[in-house]
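# Structure assessment
What follows is each chain in one-letter form.
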Amino acid sequence: MKTAEPMTGDHTATEDLRLPLLTTAEVVQTIGYLERLVSLDTTHHGYAASRLAADLAERVAQHAEGR
(Lines give C-alpha, C1' and ligand atoms only; values in the text may rest on other atoms or scores of the structure.)
Protein backbone atom coordinates (compact mmCIF):
# COMPACT_ATOMS: atom_id res chain seq x y z
CA MET A 1 0.00 0.00 0.00
CA LYS A 2 1.43 3.37 -0.99
CA THR A 3 0.45 6.59 0.72
CA ALA A 4 0.24 10.05 -0.80
CA GLU A 5 3.37 11.91 -1.84
CA PRO A 6 5.04 13.80 1.01
CA MET A 7 4.25 17.47 1.43
CA THR A 8 7.13 19.85 0.77
CA GLY A 9 7.56 23.58 0.87
CA ASP A 10 7.52 26.36 3.40
CA HIS A 11 4.82 27.52 5.75
CA THR A 12 3.84 31.05 4.88
CA ALA A 13 0.87 32.95 6.22
CA THR A 14 -2.01 32.38 3.84
CA GLU A 15 -5.76 32.03 4.01
CA ASP A 16 -5.29 28.28 3.53
CA LEU A 17 -3.95 27.37 6.97
CA ARG A 18 -2.26 23.98 7.15
CA LEU A 19 -0.81 21.94 9.94
CA PRO A 20 2.98 22.14 10.23
CA LEU A 21 5.06 19.30 8.83
CA LEU A 22 6.35 16.69 11.25
CA THR A 23 9.94 16.90 12.38
CA THR A 24 12.28 14.01 11.60
CA ALA A 25 12.25 13.00 15.27
CA GLU A 26 8.43 12.93 15.27
CA VAL A 27 8.38 10.77 12.14
CA VAL A 28 10.87 8.32 13.63
CA GLN A 29 8.78 8.14 16.81
CA THR A 30 5.60 7.59 14.76
CA ILE A 31 7.27 4.76 12.83
CA GLY A 32 8.24 3.16 16.13
CA TYR A 33 4.67 3.33 17.41
CA LEU A 34 3.33 1.83 14.18
CA GLU A 35 5.82 -1.03 14.43
CA ARG A 36 4.67 -1.71 18.01
CA LEU A 37 1.05 -1.82 16.82
CA VAL A 38 2.00 -4.43 14.24
CA SER A 39 3.19 -6.78 16.97
CA LEU A 40 -0.16 -6.42 18.77
CA ASP A 41 -2.49 -6.64 15.77
CA THR A 42 -2.27 -9.63 13.46
CA THR A 43 -5.29 -8.57 11.39
CA HIS A 44 -5.27 -6.62 8.13
CA HIS A 45 -5.03 -3.43 10.23
CA GLY A 46 -1.69 -4.58 11.61
CA TYR A 47 -0.51 -5.38 8.10
CA ALA A 48 -1.58 -1.92 6.92
CA ALA A 49 0.30 -0.33 9.84
CA SER A 50 3.37 -2.35 8.89
CA ARG A 51 3.22 -1.17 5.27
CA LEU A 52 2.70 2.43 6.35
CA ALA A 53 5.65 2.24 8.75
CA ALA A 54 7.85 0.81 5.98
CA ASP A 55 6.71 3.49 3.52
CA LEU A 56 7.38 6.28 6.02
CA ALA A 57 10.79 4.86 6.90
CA GLU A 58 11.71 4.70 3.20
CA ARG A 59 10.65 8.32 2.67
CA VAL A 60 12.63 9.51 5.69
CA ALA A 61 15.71 7.67 4.40
CA GLN A 62 15.31 9.15 0.90
CA HIS A 63 14.89 12.64 2.36
CA ALA A 64 17.98 12.19 4.52
CA GLU A 65 19.94 11.16 1.40
CA GLY A 66 18.68 14.24 -0.41
CA ARG A 67 16.72 12.44 -3.13
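Before reading further, recall that the structure is shown in the block above.
Structure report, in brief. Remember, predicted model here, so these are calculated numbers, not experimental data. Residue numbers restart at each chain and count upward from 1, following the sequence in its written direction. Residue-level local features of this predicted model are given only where pLDDT is at least 70; pairs of side-chain atoms are given and counted only at 80 or more, and the full residue set underlies all totals for whole chains, interfaces and linings. Side-chain measures were taken over the full set of non-hydrogen atoms in the model, leaving aside hydrogen atoms and water.

## Points about the packing of helix H1 (residues 24–40) against helix H2 (residues 44–65)
Under the convention used in this document: Orientation is described by axes fitted as lines to C-alpha atoms, over the contacting stretch for helices, and by angles from 0 to 180 degrees between their N-to-C directions. For helices the rule is a DSSP run of H or I covering at least 4 residues; for strands it is a run of E covering at least 2, with both sets numbered from the N terminus onward. Geometric relationships in this document are graded by angle, where less than 35 degrees denotes roughly parallel, more than 145 denotes roughly antiparallel, 65 to 115 denotes roughly perpendicular, and other angles denote oblique. With the far helix as reference, a near helix turned anticlockwise by less than a right angle produces a left-handed crossing, and one turned clockwise produces a right-handed crossing. Residues count as neighbours in contact if any of their non-hydrogen atoms are within 4.5 Å of one another. Each residue is assigned to one of three groups, with Ala, Val, Leu, Ile, Met, Phe, Trp, Tyr, Cys and Pro labelled nonpolar, Asp, Glu, Lys and Arg labelled charged, and all others, Gly among them, labelled polar.
Orientation of H1 relative to H2, taken along the N-to-C sense of each, is 155°, at an axis distance of 8 Å. The pairing of H1 with H2 is recorded here as roughly antiparallel in orientation. Both H1 and H2 take part in a crossing whose hand is left-handed. Along the contact surface, H1 presents Thr24, Val27, Ile31, Leu34, Glu35 and Val38, while H2 presents Gly46, Ala49, Ser50, Leu52, Ala53, Leu56, Ala57 and Val60. Taken together, the residues of the contact of H1 with H2 sort by class into ten nonpolar, three polar and one charged.

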